[in-house]
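Listed below are the residues making up each chain.
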Amino acid sequence: MSSETPADTILLVEDETIVALTERKTLESKGYRVLLASTGEAAVETILSGAEIDLVLMDIDLGEGIDGAEAARRILEHRHLPIVFLTSHTEPEYVELVRQVSRYGYVIKNSGEFVLQDTIEVALELFEANRRYEREAAALRESEERYRLLVENTRVAMAIHELILDDEGRPIDYVFLQANPAFERQTGLCVREILGRRVTEVLPGIELTPFIRIYGEVVLENKPVSFEQYSEPLQRHYSVDAYRTAPGRFATVFTDITEQKRMQAVLEQSENRFRSMFHEHSAVKLMIEPESGAIIDANDAAARFYGWSRDELKRKTIHEINTLSPDEVAAEMEKADRAEQSFFEFRHHRADGSVRDVEVYSTRIQASDWAVLYSIIHDVTDRKQAEQRVRTLLEEQKLIMREVHHRIKNNMNIMSGLLSLQAQMPENAAAREVLEDAQNRMQSMAVLYDKLYTSSDVRAVSAAEYLPPLVDEVLQTFPNADAVAVTTKIEDFVLTAEDLAPLGIIVNELITNAMKHAFAENGGTLEVTAGLAGDQATIVVADNGAGGRCSGGQAQSAAAGVRAGFGLNLVQMLAEQLEGSVAREYRNGMRWVLQFPVRTE
């Protein structure tokens, strides 16, 4: 874009407002005029409204409604426009999706302003070049059609002239004898006004051009000629066929090719600009012949990266650089040539013998009558090495955590074993119950620790994963456990580690209390349930033992109306720590109800 031409207008289709504004600012800083659309439907509507759009920059994911690929298809049904996709996706299925819709570019978000601008400029240049090529092809077809019509009904520009010689037989002028309407249209000369007149009168200054000399050779030597020439008097380019029709006379059949010449000049300028952008760009770029793998061209950045000069690179094939086998390289190039895939990860040799990890974006482009793979290469070796270091550190961390976990579990088991041994000593008979209770509490903490360690989130564990194993662990410490039928009904809701620790001790104390007092003489049933209503958790431990059959079904707080030992006092304190409450009911046994609010953090 230059200051003398209007700015290209880009329709930016992006559903994320902040991203859209950021991209818009970036594009406007590059001199583009930007229109925004937040949905695929809005983009299609903008196109149908007749807005002047030069290029569409489209995200693939556009929230609800049609996606970017579908929006692009609908746009192309109504307007022939270059569409470049700007997205975070690099998956092959996304690349294939957009390639089926548009071949003008695919930019990964956050690739950088230069990559985005380069892709946009290349897309605009290719689109314009294609349009110029189509117009040029149409002009050539028109020229061929005119030639056919000349044979059939002389509707192409045609004139008959008589050559004028000087006394020495040299051609000095010619007279218009006849011309068709097409001649008038292509020269702007009125046929009625020029017939019978000399060309030097009609077009002063023509004697300074080669026309009279060339036509003299046609007549005097009977040598038909075809040539292209610029007519200064008419300020037009013509493609001319001339031949002798009779002694002293000749016919000219010509076509105005002024527009074609202008298009060729513009196309050459565009190709020169593309060539300049290719060679002077800081990114490593190669042009590769897709069938043989020959490197057709390489820019200066490629020479610096690989360590070979541009001439040396152009004598190589991509097979000599890529570490894959020739067959594997050929298969990957075929994917790029067929637009099945545009992003690749390879390892490339360099002149100094080193091998670098690279990411390659390769696209098939059409240049006149031949196609090449336009490849941009990014060196990602440092990033790959950093990623490997991170993976190594993570593995080392996992090993350390496993060792720490193993040692903590061992220490817990040792402490539990010490308590068990201490309880079994004869001199500790009076303290045995206290030591066994302490052992159970230690086992409760061990179960919690194990669940937290094996959980994907060490800060929280599901109640359904934690409570059933805890119940089993507590029961295993009692010799009468086989006489008790246990039922657990635990809903799946998440509790924080901060809440799980006191909850585990409470459940341990309540089950221990039941096993000691409710089922001291006979067996029975024990039921543990847990549920969540809103943000309120309810934990129930109920038995049908003999401990509470004479109390009439009243519900009381844990501290009310009974003699409470250390365990029940501990239950009360831990319930308060949970900012909840615990109550007991006597209904064909003892029923403990713990309620507390569930915290999310």
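The structure we're discussing is the one just above.
Keep in mind that what you see is a predicted model, and the values were worked out from it rather than measured.

Asks: For the pattern of salt bridges, give the residues involved together with the corresponding values.
Replies: Evaluation of the coordinates by the stated rule reveals 33 salt bridges. Measuring nitrogen to oxygen at the nearest pair gives 3.9 Å for the salt bridge that ties Lys 316 to Glu 320. By relative accessible area, which is 42% here, Glu 320 ends up partly exposed. As a salt-bridge pair, Asp 357 and Arg 347 come within 3.1 Å of each other at their nearest N and O atoms. Within this pair, whereas Asp 357 is found in strand E14 (residues 355-367), its partner Arg 347 is found in strand E13 (residues 343-349), the two being separated by 10 residues in sequence. Given the relative accessible area of 42%, Arg 347 is considered partly exposed.

Asks: Got a sec to walk through the sheet that holds strand E4 (residues 83-87)? Specific residues and values, please.
Replies: Pairing is parallel in the open sheet, where five strands are placed in the order E2-E1-E3-E4-E5. What marks the edges here is a single partner per strand, and that holds for strand E2 (33-37) and strand E5 (106-108). Across the sheet, the axes of successive neighbouring strands diverge by a mean angle of 20°, strand direction being ignored. Sheet contacts for helix H1 (residues 17-29): strand E1 (9-13), E2, strand E3 (55-58) and E4; angle to E2, the most-contacted strand, approximately 165°. In this fold helix H3 (residues 68-78) packs onto E3 and E4, with an angle of close to 170° to the strand it touches most, E4.

Asks: Can you break down the sheet that holds strand E8 (residues 225-231) residue by residue, with the values?
Replies: Within a beta sheet, neighbouring strands are joined by backbone hydrogen bonds and run either parallel or antiparallel to one another. Taken in spatial order, the five strands of this open sheet run E7-E6-E10-E9-E8, and their pairing is antiparallel. Only two strands of the sheet have a single partner each, and these edge strands are strand E7 (171-179) and E8. Going across the sheet, the axis of each strand differs from the next one's by a mean of 35°, ignoring polarity. Here strand E6 (residues 157-165) pairs with E7 via seven bridges, running antiparallel. Across the sheet, the residue bridging to Ala 159 is Ala 179, located in E7. Here helix H9 (residues 211-220) sits on the sheet in contact with E6, E7, E8, strand E9 (236-246) and strand E10 (249-256), set at roughly 165° to E8.

Asks: Just give me the short version of the packing of helix H17 (residues 497-518) against helix H18 (residues 566-577), but keep the residues and values in it.
Replies: Look at H17 against H18: their axes get within 9 Å of each other, and the N-to-C directions meet at 150°. When the axes of H17 and H18 are compared, the pair comes out roughly antiparallel. Like other packed secondary-structure pairs, H17 and H18 cross with a definite hand, here left-handed. Between H17 and H18, the contacting residues are Pro 502, Ile 505, Ile 506, Glu 509 and Leu 510 on the first element and Gly 567, Leu 570, Val 571, Leu 574, Ala 575 and Gln 577 on the second. In terms of residue class, the contact of H17 with H18 is built from eight nonpolar, two polar and one charged.

Asks: Give a detailed account of unusual backbone geometry, specifying residues and quantitative values.
Replies: For residues that are not glycine, phi is negative in most cases, and the peptide bond is trans in most cases. Backbone geometry at Ala 339 places phi at a positive 60°, although glycine is not the residue there. Within the element layout of this structure, Ala 339 appears in the loop between helix H13 (326-337) and E13. A positive phi is found at Glu 579, a non-glycine position, where the angle reads about 60°. The residue Glu 579 is located in the loop between H18 and strand E22 (581-586) in this model.

Asks: A description of helix H2 (residues 40-48) should follow, citing residues and the corresponding values.
Replies: Regarding H2, the residues found buried are Gly 40, Ala 43, Val 44, Thr 46 and Ile 47. All buried residues of H2 fall inside an arc of 160° around its axis, so they share one side. H2 presents Glu 45 and Leu 48 as exposed residues on the side facing more than 90 degrees away from its buried surface. On its buried face, H2 sits against E1, E2, E3 and H3. Immediately downstream of H2, the backbone of Gly 50 shows phi near 90°, a positive value.

Asks: Help me get a handle on the environment of Thr 317, residues and values and all.
Replies: Within the secondary structure, Thr 317 is located in the loop between helix H12 (310-313) and H13. As for Thr 317 and Ala 294, which are separated by 23 residues in sequence, their C-alpha atoms are 4.2 Å apart. Apart from residues no more than four positions distant in its own chain, Thr 317 is found in contact with Ser 292, Gly 293, Ala 294 and Ile 295.

Criteria and thresholds
- Residues numbered from 1 in each chain as written.
- Predicted model: local features only at pLDDT ≥ 70, side-chain atom pairs only at ≥ 80, totals over all residues.
- Heavy atoms only, no water.
- Salt bridge = Lys/Arg side-chain N within 4 Å of Asp/Glu carboxyl O.
- Buried < 20%, exposed > 50% of the residue type's maximum accessible area, 1.4 Å probe, protein only.
- Helix = DSSP H or I, 4+ residues; strand = E, 2+ residues; numbered from the N terminus.
- Pairing = 2+ DSSP bridges.
- Axes fitted to C-alpha atoms, helices over the stretch in contact; angles between N-to-C directions.
- Contact = heavy atoms within 4.5 Å.
- Parallel < 35°, antiparallel > 145°, perpendicular 65-115°, else oblique.
- Left-handed = near helix turned anticlockwise from the far one by under 90°.
- Nonpolar A, V, L, I, M, F, W, Y, C, P; charged D, E, K, R; others polar.
- Arc of directions from axis to C-beta.

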